[in-house]
Amino acid sequence: MDRTGPAGTGVPRDRAEAAADRLALALRRLEAERDLLRERLAVRPVVEIATGMLAERLRCPPADAAAQLDDLAAEAGVPADRLAAEIVGATAADAPSLGESPAAGVREPPAPPTEADTAARALLDRTADLLAADTAVIWGAEPGGGLTLLGHAGLAPEDVRAWRHVPPDIDIPARLAARSDSGMWPEDGPAATDLPTAGRATAPHRLALPMRRRGRLLGVLELGWAERPSPLPAAAPARLRGLAEVFAVTVDTAPPEARPEPPAADTAALEAVLDPALLLAPLDGGDGRAADFRILRTNHRFRDPAGRPRYRIEGSTLLEAYPLASSHGLLDRLAAVLATGEPVRERFVLTFLTDDLSRLPVVARIGAARTDGHLLVSWQIEDADARLGGLVHSAQRLARVGGFEEDLVSGDILWNERMFALHGLPPDATPVPLAALPAHVHPDDRRAVQRLAHGVLQEGRAASAVFRLLPPGRPARYARIVAEPVTDPAGRVVLVRGAGQDVSDQHRTEVALAATRERLADSELEAVQRQSLTLRLQEAILPPGPPPLAGARLQAAVRYRPAVERERVGGDWYDILPLPDGGALLSVGDLAGHGVEAATGMVALRNALRGLAVTGAGPARLLEWLNLTALALPDPATATAVCARFDPRTRTLHWARAGHPPPVLLRAGRPVVLPLPRGLLLGAAPDARYEELALPLEPGDVLLLYTDGLIEQRGTADEESLRQLLVAAGPPGPDLGAWLDTLLEHSRSDTDDDTCLIAVRADPDDPDDPKDPADV
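Undergrad: Explain the side chain of threonine 707 residue by residue, including any values.
TA: Looking at the secondary structure, you find threonine 707 in the loop between β24 (702-706) and α18 (718-729). At a separation of 3.0 Å, a polar atom in the side chain of threonine 707 contacts the side chain of aspartate 572. What threonine 707 contacts, discounting residues up to four positions off in sequence, is Asp572, Val588, Gly589, His660, Asp754, Thr755 and Cys756.

Structure (structure tokens):
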């Protein structure tokens, strides 16, 4: 089934016109390949010279030098041809010229001055009073956009040899000026690539003016200064433009058959047109009729609908530059104007090709008139339509959206390129009608597509669906189709318009996100449950207050501060155990790790120590047994601990430590850190032995046991942190619990670890001294 013509024309297209479209597309591709080949051929001499220079300097074969040039260009992030031009320009003064023997150092005599050299010297002389430039160069324009150095003044011979030819892609000021109407001026700033100046490193400040004659670009006139020149006098621009017109005659050496020359009157008329305009020369097709037109020049208001610069349009034929627009009637209409001489101004629906070969339809008012064997053509693209068309095209390209239109009366279907790509079909394939779409989707999704087609075609309402499309010979892809009907006055659906989008990536992302969310939800629930279990386990094991210690003649207070982040709640513990002989066992410890595992390990060690304490063994022996217990845990772990046993009959405290911070004794309010007995952490070695110390306690002495969560600060030693804390908290008062609260309040620990505290005070000798019930 044939598709309709350009959007909005309503003109059916037969098979011959479809073939013409395909030929136009092929022509556009060939044009792009031709331009690429021209550019490569234009820069090839520079690349070969640079390769030769590298081969000589590096003393390597040309193939290795070419590879080195590519590597250097890749590292610098510039094209190889641009780097080659810089190498040729930078080393010209040091390298021997072609055909010169480096060993002999003999240079060929300079060539005699040409007419263009004389003109360049005259340019320096005539502008010396106004400009005082250091160099003058006259460039000739080449086919394809390159430049040839025709004449110069102020350049050394080696500089002339290095810059004899400039490829199209090397943007020196002269190349930039050739593509503009006003030229390049010193206030435009230094250019990225500049010519060397005789006797100086560079001449970064440039002035370049295009030289045109009879509408044709002939070359560029250029002046250079080694230092920033003074502001140009008011008379300078007019004099320079006049000189450019005079010198254009000097460089007008192009053969007459290279391009038809437009008369000067045509050029003036072209610039006088207020709309974008082109000056065309006919190309005879052999039967006396114009088969095509060459674009001689465009005016300064011209903007290519496809976004190409003017220099890429000038010199091309109309069919090369605008194949679709030319093959759909424009070319025939212009040929008729040329043959009859009757001007025309009509409204055309033109289709242009963008760089990605997508069609861009626009509405334009075309004016054409014959003048001295040429055609002066103006076009005015209707702004709203052009902006809207460009906006729609850009939006479709960015969102990868295809469009379709199905005429239910004629059966014609129009798809754009992205719709064909969505279905995995070539551009010349027959589009699939909406009613037949269910046959091209996954069986599980056919009902959804059938409901879409029924809603649009039978019920006359807009509908959408997401389904798995089955392109021929390709994996299934997820597609979203949105369609809406257009009805006639009787309410019958006569046209369907819609859009299609490949949402495979989005679907895969959504599936992956859903799975990730589910896993995160499970992980979060598990983490909350583990944290809650850990906290409940610690709160159940660690009593909120100490047991009665009247028989041991001690007052005691305890505190436990869990980590701020509950997932870090771990293995800190404290314990106060009255012993059968009237004494008391005091212990604090910290099992490595966090979470349920650390809490269960802490419970095992704490309960094991309680059971071992009833044997009457001293703290050192208890820690040896507790070390073996830590090694025998189901999940072996290391721990630190302090174990102390107080005998009320002798008022002596026996204590030992396993890698834990020592207790602090406060006597008469003055804190003293107890000495460190030898002792390895629990669970580190099965043969660990522990040293036991003894300390007599005087009435009123206060002993503080703690875990490292109280004092750990990043960047501060624990001893200094403890000293600062004790100074800030001050001596303990009668209420030991309040003093422990003060310690926690002034603690500056930043490791977010658990903290356990025990404080005990030795009672006076009077056994009948009443005790505070809150601290007993």
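Now, onward.
Undergrad: An account of the packing of aromatic side chains is requested, with residue identities and associated values reported.
TA: Taken as a whole and judged by the stated rule, the model has 3 aromatic pairs. When the centroid spacing of 5.8 Å and the interplanar angle of 25° are considered together, the rings of phenylalanine 302 and tryptophan 379 count as stacked. Here phenylalanine 302 is found in the loop between β7 (290-298) and α9 (310-313), whereas its partner tryptophan 379 is found in strand β10 (residues 374-381), with 77 residues between them in sequence. In this structure phenylalanine 302 comes out as buried when scored by relative accessible area, which is 1%.

Undergrad: How would you sum up helix α17 (residues 619-631)? Please name residues and give values.
TA: In this model, α17 (13 residues) spans 18 Å end to end at C-alpha, consistent with the 18 Å of a helix rising 1.5 Å per residue. Inspection of α17 places Pro619, Ala620, Leu622, Leu623, Glu624, Leu626, Asn627 and Ala630 among the buried residues, and these make up the whole buried set. Considering only its buried residues, α17 is in contact with β18 (584-594), α16 (596-613), β19 (639-647), β20 (652-658) and β23 (692-696).

Undergrad: Would you mind going over empty space enclosed by the protein in detail, with residue names and values included?
TA: To locate leftover empty space, one rolls a probe as large as a water molecule over the atoms. A full pass over the atoms with the stated rule returns 2 cavities of 30 Å³ or more. Counted as a void, the largest cavity has a volume near 90 Å³. Forming the boundary of the largest cavity are Phe404, Glu406, Ile413, Trp415, Met419, His423, Val432, Pro433, Leu434, Leu437 and Ile481. Every element with two or more residues in the lining of the largest cavity is listed here: β11 (401-407), β12 (413-415) and α13 (417-423). In this structure, the second largest cavity occupies an estimated 40 Å³ of space. Together, Leu278, Leu280, Leu318, Leu330, Leu334, Val377 and Trp379 line the second largest cavity. Counting only elements with at least two residues in the lining of the second largest cavity, the list comes to β6 (277-284), α11 (323-340) and β10. By residue class, the composition of the lining of the second largest cavity is 7 nonpolar, no polar and no charged.

Undergrad: Can you tell me about the pattern of salt bridges, naming the residues and giving the values?
TA: Two side chains that carry opposite charge are able to pair once their charged atoms sit near each other. Under the defined criterion, the tally for this structure stands at 19 salt bridges. Put simply, arginine 492 and aspartate 488 hold a salt bridge, and the shortest N to O gap is 3.1 Å. Its relative accessible area of 55% is what places arginine 492 among the exposed residues. Take aspartate 488: its relative accessible area is 19%, and that puts it in the buried class. Ionic pairing is found between glutamate 720 and arginine 723, a salt bridge with its closest N-O pair at 2.7 Å. On the criterion of helical spacing, the pair formed by glutamate 720 and arginine 723 is a turn pair, its members being 3 residues apart in helix α18.

Undergrad: Account for the nonpolar core, naming residues and giving values.
TA: Leu585, Leu605, Leu623, Leu653, Leu682 and Ile758 are the most contacted members of the largest nonpolar core, which totals 53 residues. Discounting chain neighbours no more than four positions away, the residues touching isoleucine 758 are Ala557, Val558, Tyr574, Asp575, Ile576, Ser587, Val588, Leu703, Leu704 and Leu705. Counting 30 residues, the second-largest nonpolar core is a separate cluster that includes Leu278, Phe352, Ala368 and Leu375.

Undergrad: Break down the confidence of the model for the protein for me, citing the residues and quoting the values.
TA: Confidence in the prediction for the protein averages 78 pLDDT; 78% of positions are at 70 or higher. Contacts for the low-pLDDT stretch residues 1-13, under 50 throughout, to residues beyond four places or in other chains number 37 contacts.

Undergrad: Give me the lowdown on the sheet that holds strand β15 (residues 493-502), citing residues and values where you can.
TA: Pairing is antiparallel in the open sheet, where 5 strands are placed in the order β12-β11-β15-β14-β13. Either end of the sheet is taken by a strand with one partner, and the two such strands are β12 and β13 (463-469). If you compare each strand with its neighbour and ignore which way they point, the axes differ by 20° on average. Here strand β14 (residues 477-487) runs beside β15; their pairing, made up of 9 bridges, is antiparallel. Across the sheet, the residue bridging to valine 486 is leucine 495, located in β15. Packing of helix α14 (residues 446-457) onto the sheet brings it into contact with β13, β14 and β15, and relative to β13 it is tilted by some 150°.

Undergrad: Could you give me a rundown of unusual backbone geometry, with the residues and numbers involved?
TA: At alanine 132, a position not held by glycine, the phi torsion is positive, near 55°. With respect to the helices, strands and loops of the structure, alanine 132 is situated in the loop between α4 (115-126) and β1 (135-141). You will see that arginine 553, though not glycine, has its phi angle at about 55°, which is positive. Among the structural elements, arginine 553 can be located in the loop between α15 (504-541) and β16 (554-561). The exposure class assigned to arginine 553 is partly exposed, which follows from its relative accessible area of 22%.

About the cut-offs
Residues numbered from 1 in each chain as written. Predicted model: local features only at pLDDT ≥ 70, side-chain atom pairs only at ≥ 80, totals over all residues. Heavy atoms only, no water. Helix = DSSP H or I, 4+ residues; strand = E, 2+ residues; numbered from the N terminus. Polar contact = N/O pair within 3.5 Å; in protein donor to acceptor, adjacent residues only side chain to side chain. Contact = heavy atoms within 4.5 Å. Phe/Tyr/Trp six-rings, centres within 6.5 Å; stacked < 30°, edge-to-face > 60°. Buried < 20%, exposed > 50% of the residue type's maximum accessible area, 1.4 Å probe, protein only. Expected span 1.5 Å × (residues − 1). 1 Å grid on protein atoms, 1.4 Å probe; cavity = no way out; pocket = protein on both sides within 12 Å on 5 of 7 lines; lining within 4 Å. Points joined across faces, edges and corners; volume = space filled by probe spheres on them. Nonpolar A, V, L, I, M, F, W, Y, C, P; charged D, E, K, R; others polar. Salt bridge = Lys/Arg side-chain N within 4 Å of Asp/Glu carboxyl O. Core = buried A, V, L, I, M, F, W, Y, C linked by side-chain atoms within 4.5 Å. pLDDT = per-residue confidence, 0-100. Pairing = 2+ DSSP bridges. Axes fitted to C-alpha atoms, helices over the stretch in contact; angles between N-to-C directions.

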